[in-house]
Amino acid sequence: MTEDQGLTDAAARYRRQAVADARAEGISREQIASALGVTPPRISQIAKGSTAKAPSPPESPAPRVLVQRALPTPPAVRGSVSLFLVEAERQGIKADRKMLYIGLESASEHVAHALNVEPGEDVVARRKMMFANDVPVRIATSYFRADLFADTRLAEPEFVRPTLQSALLDLGYAFGRAEETLVARSASLFERETLELDSGEWVVQVLRTSYSTEDTPVHALETICAASRHIFPIGQVAGADEF
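Everything numeric here is computed off the predicted structure, so don't read it as measured data. As a convention, each chain's residues are numbered from 1 in the sequence order in which they are written. Residues qualify for local features only when their pLDDT is at least 70, as the model is predicted, and side-chain atom pairs are given and counted only at 80 or more; totals for whole chains, interfaces and linings, by contrast, use all residues. Hydrogens and water molecules were not included; the side-chain quantities draw on all heavy atoms of the structure.

Chemist: Looking at this model, I keep getting lost on the sheet that holds strand β4 (residues 135-145). Mind explaining?
Modeler: Strands belonging to one sheet form pairs held by backbone hydrogen bonds; the direction of such a pair is parallel or antiparallel. Pairing between two strands requires that DSSP report at least two bridges joining them. The numbering of helices and of strands both runs from the N terminus, where a helix is a DSSP run of H or I of at least 4 residues and a strand a run of E of at least 2. Spatially, β2-β3-β4-β7-β6-β5 is the arrangement adopted by the six strands of the open sheet, whose pairing is antiparallel. Looking at strand neighbours, the two that pair on one side only are β2 (95-106) and β5 (175-186), the edges of this open sheet. The sheet shows a mean angle of 15° between the axes of neighbouring strands, direction not considered. Two elements, β2 and strand β3 (residues 122-132), share 11 bridges in a ladder whose sense is antiparallel. Looking across to β3, one finds that Leu 104 is bridged to Val 124. Helix axes are fitted to C-alpha atoms over the stretch in contact, other axes to C-alpha atoms as well, and angles between N-to-C directions run from 0 to 180 degrees.

The following block contains the structure:
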């Protein structure tokens, strides 16, 4: 799924168009859902998905830029309107973001494991690209279990306001704990083209899984960082360390 993300997004667009064509021919949402083996609300979600495409590779390499990604994420930053915008502002960097995709997609193995669902099962995905000084530096995708959130505003094709945290609280999920893992690997074709990376460049994949107070995996945030454009400050717990 990671290597062929571009194909995954294309398949989602084809599926969305097929649903639109069927509806235009007078086939009901319930009939389509029955044929696909999903619920009628899932058909509505498929039809709402974004059709935004990843940008084409640049003619020249992107200029050098460094942005920080703190580990673990400070709570004050995590609860803000945008982790990236707040971090970049503190570093004196001009930050921007662009929504790439909102809709259902099949869960990759590591996302499925994080959310406690089966690989290939539909999950709600919200994918954004982050820019620092107009340079693409990061792809951030929030994943949510479709059985819990497919019919909520977390699946709507727009930014969640005022914050994602407040939306989860409104839905009855209080934060309990989180786990973050970091993996360095070679970039997939989709990641290389979207982040405008040179051939052979690597990315750093940060996966943060947040659990509710009932220990339900509520949110898996996968951040794909251009390795050459990031610094990762690591925080330590005060009073619990040694030389």
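Chemist: I tried to follow the side chain of Arg 145 on my own but got confused; where do I start?
Modeler: The topology assignment puts Arg 145 in strand β4. Exposure categories follow from relative accessible area, calculated using a 1.4 Å probe and restricted to protein chains: below 20% of the type maximum is buried, above 50% is exposed, and the middle band is partly exposed. Using a relative accessible area of 16% as the deciding quantity, one classes Arg 145 as buried. Setting aside its immediate chain neighbours within four residues, Arg 145 contacts Leu 115, Val 117, Ala 150, Thr 216 and Pro 217. Two residues qualify as a contact provided that any one of their heavy atoms is within 4.5 Å of a heavy atom in the partner residue.

Chemist: Looking at this model, I keep getting lost on the side chain of His 230. Mind explaining?
Modeler: Structurally, His 230 can be placed in strand β8 (residues 230-231). Relative accessible area serves as the criterion here: at 7%, His 230 is assigned to the buried category. Here a polar contact is taken to be a pair of N or O atoms separated by no more than 3.5 Å, where protein atoms must pair a possible hydrogen donor with a possible acceptor and residues adjacent in sequence count only if both atoms sit in side chains. A polar contact of 3.0 Å, which involves the side chain of His 230, links it to the backbone oxygen of Ala 226.

Chemist: Help me out: how do you make sense of the environment of Ile 93 in this one?
Modeler: Inspection of the secondary structure puts Ile 93 in the loop between α5 (83-90) and β2. A sequence separation of 28 residues divides Ile 93 from Val 65, and the C-alpha atoms of the two residues are 9.2 Å apart. With residues near it in sequence (within four places) discarded, Ile 93 still touches Leu 66, Val 67, Ala 88, Ala 132 and Asn 133.

Chemist: Just to check I follow, could you spell out the nonpolar core for this structure?
Modeler: Residues belong to one nonpolar core when they are buried, are Ala, Val, Leu, Ile, Met, Phe, Trp, Tyr or Cys, and are joined through side-chain atoms within 4.5 Å. One finds Ile 43, Val 124, Phe 144, Phe 149, Leu 154 and Leu 168 to be the most contacted residues of the largest nonpolar core, which totals 20 residues. Of all the elements in the fold, those that place two or more residues in this core are α1 (5-24), α2 (29-36), α3 (40-48), α7 (146-149) and α8 (164-170). Element by element, the count of residues in this core is highest for α8, at three residues. Non-local contacts of Leu 168, meaning those with residues more than four positions away in its chain, are made with Phe 144, Phe 149, Leu 154, Tyr 173 and Val 218. Counting residues in hydrophobic clusters, the runner-up holds 13 residues, among them Ala 107, Ala 112, Leu 115 and Val 123.

Chemist: Help me understand the pairing of strand β7 (residues 217-226), please; the structure alone is not making it clear to me.
Modeler: Along any regular strand the residues' side chains alternate between the sheet's two faces. Of all 10 residues that make up β7, 10 are buried, and the element is covered over most of its length. With six bridges connecting them, β4 and β7 associate as antiparallel partners. For Tyr 143, the partnering residue across the bridge sits in β7 and is Ala 220. As defined by bridge partners, strand β6 (residues 202-212) adjoins β7 across nine bridges and the pair is classed as antiparallel. Looking at β7, one finds that Arg 208 is bridged to Leu 221. Where β6 folds back on β7, the antiparallel hairpin that results is connected by four residues, among which Asp 215 adopts a positive phi of roughly 65°.

Chemist: Please explain the pattern of salt bridges as it appears in this structure.
Modeler: Two side chains carrying opposite charge are able to pair once their charged atoms lie near each other. Definition used for salt bridges: Asp or Glu carboxyl oxygen within 4 Å of a side-chain nitrogen of Lys or Arg. Tallying each qualifying case throughout the model produces 10 salt bridges. Arg 29 is the salt-bridge partner of Glu 30, the closest N and O atoms lying 3.9 Å from each other. Salt-bridge contacts for Glu 105 lead to Arg 127; the nearest nitrogen and oxygen are separated by 2.8 Å. Here Glu 105 is found in strand β2, whereas its partner Arg 127 is found in strand β3, with 22 residues between them in sequence. For the pair formed by Glu 105 and Arg 127, the shared burial category is buried. Residues participating in the shared-partner salt-bridge network are Arg 177, Glu 179 and Asp 215.

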